[in-house]
2 protein chains.
Amino acid sequence: MTSSRDPEGRRRALLAATVEVVAEVGVARTTHRAIATRAGVPLGATTYYFPTLNDLIAGALEQSGDAWDADLKRWESELRAAQAEIGEGDHAARKLSDVLTQLILGYLADQPRARLECELYLAAGHTPELRPLATRWLLGLREVTGRLTDKNTGYALATLVDGVFLQATVTGEAPPAEQLRAAIERLWVTA
Amino acid sequence: MTSSRDPEGRRRALLAATVEVVAEVGVARTTHRAIATRAGVPLGATTYYFPTLNDLIAGALEQSGDAWDADLKRWESELRAAQAEIGEGDHAARKLSDVLTQLILGYLADQPRARLECELYLAAGHTPELRPLATRWLLGLREVTGRLTDKNTGYALATLVDGVFLQATVTGEAPPAEQLRAAIERLWVTA
DNA sequence: GACTCTCTTGTACATACGTACTAGTACAGG
DNA sequence: CCTGTACTAGTACGTATGTACAAGAGAGTC
């Protein structure tokens, strides 16, 4: 007896399983067998749909990159909405720092995704072919914060957020909301 | 013919080789054989001096942690010296941000070390026994910046620096010095 | 119904790994 | 000189891995 036929479904299931496995054990310890078990498919299916393990992992990371891009779009529009609502007054930085903090906390609440991102960063450190993907991820954030403020402030904010992500990955705990908000407020100086 | 006898030398060579290998390929891909080759010792020597691979890696990371602690001490004393020299005036933040930026750039110039640190962070994400070590690393910096300023500023500065480390690891490039300095200056608001 | 093409599933194989082990070698103390 | 201890060096073994492959099953076309 063979399973129901659904090639596209299997593709998706394999990619989703890969995302989970990578988030749990890291790129280097991700194996065909772990993915197959997680996806509920036989081992052979992995190499049928993706010629090599690297292709499978690359596909999963790329898919996560798309999700991250979507998140970034949402961040930008929410922050723009807040900007429009409140004008340019003194309270602006206060309000905006609040919104950004909440967005960060919301993102980090999805631990596997946050960990996957950090995992990608680290893997990019010694896997040159992952570097473009990781850089795109990094620069995407910097561009958003840059568009909302100016180049220098954008760099500062993005760097701070990257630090928050790193800390969250290491400790597994949520960042201190008020301290984070205060830090963002100090950086958010519109030129 | 056997090699010259120097047990302590071998221990050190093994730890040093482990640091290099981990920095290059990551914790998960570090193997006895790679370490032995790098250290120029036969395979059997690795398990003779360190019962398991994890012991060897843990030893190497701990040693690196000590080096990081020493670096932090140096950072603190240099920043304190700068503080003492310049008083509390308006130029203080300017001068201190300059000094800290240079310290960061200097640290990141030693790429293998910086990469090892980030490698540890990431590995800690899914290896609970590494978490204490990584946290100590993280908190060490935060304590130093906290002592130099105040708790909130310390958090903000340390987080920014962590972000800089992450970015440097991913891109392999030095951070933009002037933008980084400006960001530090904005955060360095003495209470 | 026969053919074919796509997909499924299980197994096989070469390789690399962690670690254990054996045999030998230098140097200490008697 | 002899003996035990600490170290060296090479090899062996069981396991897990990436990937290849063979045998089959479902669905569409004639």
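Summary of the structure given here. The residue numbers shown here count from 1 along each chain, following its written sequence. Numbering of ligands from 1 and lettering of chains from A proceed in the order in which they are written. Selection of residues for local features in this predicted model requires a pLDDT of at least 70, selection of side-chain atom pairs for listing and counting requires 80 or more, and totals for whole chains, interfaces and linings are taken over all residues.

As a further point, take the relation of the copies chain A and chain B. The fit set for superposing copies consists of C-alpha atoms from residues with pLDDT of at least 70 in both; the fit itself is least squares. Once chain A is rotated about the relating axis by 180 degrees and shifted along it by 0.0 Å, it coincides with chain B to within an RMSD of 0.1 Å. Given the turn and translation reported, the copies of this chain are related as if by a two-fold rotation axis. Considering only C-alpha atoms, the part of chain A nearest the rotation axis is A:Gly163, at 1.8 Å. Two residues form a contact once the distance between their C-beta atoms, set from the backbone, is within 7 Å. Here 100% of the contact residues of chain A are again contact residues in chain B; the copies associate through an equivalent surface.

This next bit is on helix 1 (residues 7-25) of chain B. All names here are of chain B. With 19 residues, helix 1 extends 27 Å between its outermost C-alpha atoms, agreeing within 8% with the 27 Å of an ideal straight helix rising 1.5 Å per residue. Along helix 1, the positions that sit buried rather than exposed are Leu-14, Leu-15, Ala-17, Thr-18, Val-19, Val-21, Val-22 and Ala-23. Where helix 1 is buried, its residues contact helix 2 (32-39), helix 3 (43-49), helix 4 (53-86) and helix 6 (111-126). Here a strand is any run of E in DSSP of at least two residues, a helix any run of H or I of at least four, and the numbering for each starts at the N terminus. Positive phi shows up at Gly-26, right after helix 1, with a value of about 95 degrees. Here a helix's expected span is defined as the number of its residues, less one, multiplied by 1.5 Å. Once C-beta atoms are placed from the backbone, each residue is buried if 20 or more other C-beta atoms lie within 10 Å of its own, exposed if 12 or fewer, and partly exposed for counts between those two.

In this section: the packing of helix 4 (residues 53-86) of chain A against helix 7 (residues 131-148) of chain A. All names here are of chain A. Relative to each other, helix 4 and helix 7 sit at 5 degrees, their axes nearing to 10 Å. Taken together, the axes of helix 4 and helix 7 lie roughly parallel to each other. The segment helix 4 lies against helix 7, with Leu-61, Glu-62, Gly-65, Trp-68, Asp-69, Leu-72, Trp-75, Glu-76 and Leu-79 engaging Leu-133, Arg-136, Trp-137, Gly-140, Leu-141, Val-144, Arg-147 and Leu-148. Three classes are used, and their members are as follows: Ala, Val, Leu, Ile, Met, Phe, Trp, Tyr, Cys and Pro are nonpolar, Asp, Glu, Lys and Arg are charged, and the others, Gly among them, are polar. Across the contact of helix 4 with helix 7, the residue classes tally to 10 nonpolar, two polar and five charged. Under this scheme, a helix contributes an axis fitted over its contacting stretch, all axes are lines through C-alpha atoms, and angles between N-to-C directions fall in the 0 to 180 degree range. Orientation categories follow fixed angle ranges, with anything under 35 degrees roughly parallel, anything over 145 roughly antiparallel, 65 to 115 roughly perpendicular, and all other angles oblique.

Everything listed here is a matter of geometry and, on its own, says nothing about what the molecule does.
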